[in-house]
Amino acid sequence: MSEPSQPAMTLFEKVWRRHLVRKETAETPAILYIDLQLLHEVTSPQAFGELRRRGLKVRRPDLCLATIDHSTPTTPPDAHGVRHYHTPEARAQVDMLHANCAEQGIYLHSWDSPNRGIVHVMGPELGATRPGMTIVCGDSHTATHGAFGALAFGIGTTEVGHVLATQCLLQSKPKTLGIRIEGALQPGVTAKDVILHVIGTIGVGGGTGSVIEYHGSTVRAMSMEARMTMCNMSIECGARAGMIAPDETTFEYLEGRKMSPGGERWDAAVADWKTLATDPDARYDRLVGIDATRIEPSVTWGTNPGMVIGIDDVIPSADNAANREALDYMHLEAGARLAGEPVDVVFIGSCTNSRMTDLREAASLLKDRKVAAGTRVLVVPGSEATRREAEAEGLDLIFIEAGAEWREPGCSMCLAMNGDSASPGDLVVSTSNRNFKGRQGRGVRTVLASPLTAAASAVTGRVTNPRELMEAEV
Amino acid sequence: MNHSGIVESRTFNLQVDNIDTDQIIPGQFLTTTEREGLGRFCFYSWRFDENGAERADNPLKKYDADQQQVLVAGNNFGCGSSREHAPWALLDFGFKAVISSQFADIFRSNSLKNGLLPVMVEQHVVDFLQANPGHAVQIDIRNNTLTVEGYGEFQFPLDPFSAYCLTRSIDQLDFLLENEAEISRYEQ
């Protein structure tokens, strides 16, 4: 008699099943084991406070990875070695994470760590993010780690406390959404343009209740850093998580990293990771197809990440209240072109686009060029490791010589809570992930774009299709 | 909410879709290490100008926290970041429930853990309430029903576990801790 065959499963279902401590019942959600919790200063204080109030200890400090990134200054310390925080509250928040980690035996990658960085940049760099893991953080961009075939998602502070105390999370099983992307990308089109196009296609609520799996030839051809950019913005269409099946690109990235398995354990790990891919007969609850060959360099024109156009397209009509309000806030007119609009600030950074690939792309257009007069450019590497590598390649000098500011790692102007912000009315071309009203400062108008588009716009001082500068080089 | 698990209140309308967590509480206020007292930052940029003075076009100018404990909002409420500061701020501001045709997942989860009720109903119910500001509603979390005076009674989804926790004041962390033996077994 033949063995009963396993039902065909998606990548998500395989990772989910491996981590079930207790299955979902009619009355209670599943208890899911969490392999890694990432911690930062903003969403953890109240969680540690709750543990203290209940007299609980952190169950697995060894499965926590802590850093400081959101409230931290990106300017260097002064001559006396003092860091100048934006507010006393920001400093107090960082101090509190120090105290909480010390009390609970959690290693904190603070100022003295050579690996400190934006939590979603340093995790993969350290090899802490690996295929098949469950990873959570009190941060909605945790989906980034799904690029490795991990199930990674953002949680609230109460849940941060749950995981600290029990290493488990209560979850009801989400639906699956397959996004199949096929075809080669045109010149000047990057992963950022692809994900903006995807969000524009399915809408800001289009992924709600779902875990996305990105697949297809376009995704297979992407580097790990490009895949991270894709998965990072899954939350911007409302999805719980975004995932990509691990493959040779993934294994090549992970081999030899600090926390990656070594020796014989490496071969066993890779053999196991190869079994994670979605089975050929498995079905997603929903499937969306995207033709990548038609994607243009993409930008947002409005006040949510679903308000996306190709950079040379005209701004859509104000045929509904949301569009009218967005255009009113953005000081833009329906039917006009966004390309050519004057740019006050360019921000190259954030957990979406602050890795080496992103910095190299930006530098390729800024090399031997100058930032336009009247435009301010901030380049903020995602981590200390990225900063070192960029400086070893001389990218910092390219940025500085062009007239940009080369900062220390952190979240910086993505959410502008550390003091890096723009002024009311400024138009910011930003490689970050959210263009919500006031996100980068009160009254600030954010245009989300790729590092190439951001760099091209820095050079011309106007929203610019990067192909205009790339073609000039040929 | 009273002991019977019923919220009876007048509604307050914000006729905007995709109200994100940066609108509910701007990032600049996230340096707090507390969860109390965040109501003063709720919808801050909608209520106050850059000098901290009330805006002439403040959409919450006529909000009455004593009478209006139910917010009626547009589609996809609470999208954006995972900040639990959003439900903390809404609760402290005076809301006990939000009615919308769709909620963002993390916001919904955070709300249920703090006793802010996300009441998801069909668009026509939201449309009726938006057309009738300050309407009387009753939310019954034992039966998962929203009663809209003069319009009807509607079911809304509330997962049984959250209802269990909300009605019995049972804590989700307690539930997890009760499963310690199974967690240890998994870790072997």
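Analysis parameters
Residues numbered from 1 in each chain as written. Chains lettered and ligands numbered in written order. Predicted model: local features only at pLDDT ≥ 70, side-chain atom pairs only at ≥ 80, totals over all residues. Axes fitted to C-alpha atoms, helices over the stretch in contact; angles between N-to-C directions. Helix = DSSP H or I, 4+ residues; strand = E, 2+ residues; numbered from the N terminus. Parallel < 35°, antiparallel > 145°, perpendicular 65-115°, else oblique. Left-handed = near helix turned anticlockwise from the far one by under 90°. Contact = placed C-beta atoms within 7 Å. Nonpolar A, V, L, I, M, F, W, Y, C, P; charged D, E, K, R; others polar. Buried ≥ 20, exposed ≤ 12 C-beta atoms within 10 Å, placed from the backbone. Right-handed = clockwise from strand over helix to strand, strands pointing away. Pairing = 2+ DSSP bridges. Domains from an automatic or database assignment.

J.: Before we go on, may I ask you to explain the packing of helix H2 (residues 45-54) of chain A against helix H5 (residues 157-166) of chain A in this structure?
T.: The geometry of a pair of packed helices is captured by two quantities: the angle between their axes and the separation between those axes. Residues and elements named next belong to chain A. Viewed as axis vectors pointing N to C, H2 and H5 meet at an angle of 50°, and their least axial separation amounts to 8 Å. For the element pair H2 / H5, the angle class is oblique. Relative to H5, the crossing made by H2 is right-handed. Contact residues: Gln46, Ala47, Glu50 and Leu51 in H2; Thr157, Val160, Gly161, Leu164 and Ala165 in H5.

J.: What is the right way to read the interface of chain A and chain B from this model?
T.: Contacts between the two partners involve 53 residues from chain A, matched on the other side by 42 residues from chain B. Residue assignment for the side of chain A that touches chain B shows that the elements contributing at least two residues are strand E1 (20-22), strand E2 (30-33), H2, helix H3 (88-104), H5 and strand E8 (168-171) of chain A. Considering each element in turn, the side of chain A that touches chain B owes the most residues, 6 residues, to H5(A). Along the lines of polarity and charge, the residues of the side of chain A that touches chain B split into 21 nonpolar, 23 polar and 9 charged.

J.: Sorry if this is basic, but what is going on with the pairing of strand E4 (residues 64-67) of chain A here?
T.: Residues and elements named next belong to chain A. Residues Cys64 and Ala66 point to one face of E4 and Leu65 and Thr67 to the other, with burial holding for every one of them. Each parallel crossover has a hand, and the one from strand E3 (residues 36-39) via H2 to E4 is right-handed. Sheet topology note: the E4/strand E5 (residues 108-109) ladder contains 2 bridges and is parallel. Considered in E5, the bridge of threonine 67 is made with histidine 109. As for the winding sense of the linkage, the β-α-β connection from E4 through H3 to E5 is right-handed.

J.: Help me out: how do you make sense of the sheet that holds E1(A) in this one?
T.: Whether parallel or antiparallel, the strands of a sheet pair through hydrogen bonds between backbone atoms. Taken together, the 3 strands give an open sheet; going across it, the order is E1-E2-E8 (chain A), and neighbouring strands pair in antiparallel fashion. Edge positions in the sheet fall to E1 and E8 of chain A, since each has one partner strand and no second. Averaged over all adjacent pairs, the angle separating strand axes in this sheet is 40°, with direction ignored. Strand direction decides the pairing type here: E1(A) and E2(A), joined by 2 bridges, are antiparallel. Across the sheet, Leu20(A) pairs through a bridge with Leu32(A), a residue of E2(A). Sheet strands touched by helix H8 (residues 180-187) of chain B: E1, E2 and E8 of chain A. Its angle to E1(A), the strand with the most contacts, is close to 150°.

J.: I would appreciate a short explanation of the packing of helix H12 (residues 356-366) of chain A against helix H14 (residues 395-402) of chain A in the present structure.
T.: All names here are of chain A. Between H12 and H14, the least distance of the axes is 9 Å, while the angle of their chain directions is 45°. As judged from the angle between their axes, H12 and H14 are oblique. Of the two possible hands of crossing, H12 and H14 adopt the one that is left-handed. Here H12 contributes Leu359, Arg360, Ala363 and Leu366 to the contact with H14, which in turn contributes Leu395, Ile398, Phe399 and Ala402. Broken down by class, the residue content of the contact of H12 with H14 amounts to 7 nonpolar, no polar and 1 charged.

J.: Looking at this model, I keep getting lost on the domain arrangement of chain A. Mind explaining?
T.: Buried accessible area, meaning the area lost when the parts come together, often serves as the stated size of an interface. All names here are of chain A. Entries for chain A in the domain assignment read domain 1 (11-171), domain 2 (175-293) and domain 3 (298-467). Between the C-alpha centres of domain 1 and domain 3 there is a distance of 28 Å. Per-element tally for the side of domain 1 that touches domain 3: the top contributor is helix H4 (residues 119-126), with 4 residues. Split into classes, the residues belonging to the side of domain 1 that touches domain 3 amount to 7 nonpolar, 11 polar and 3 charged.

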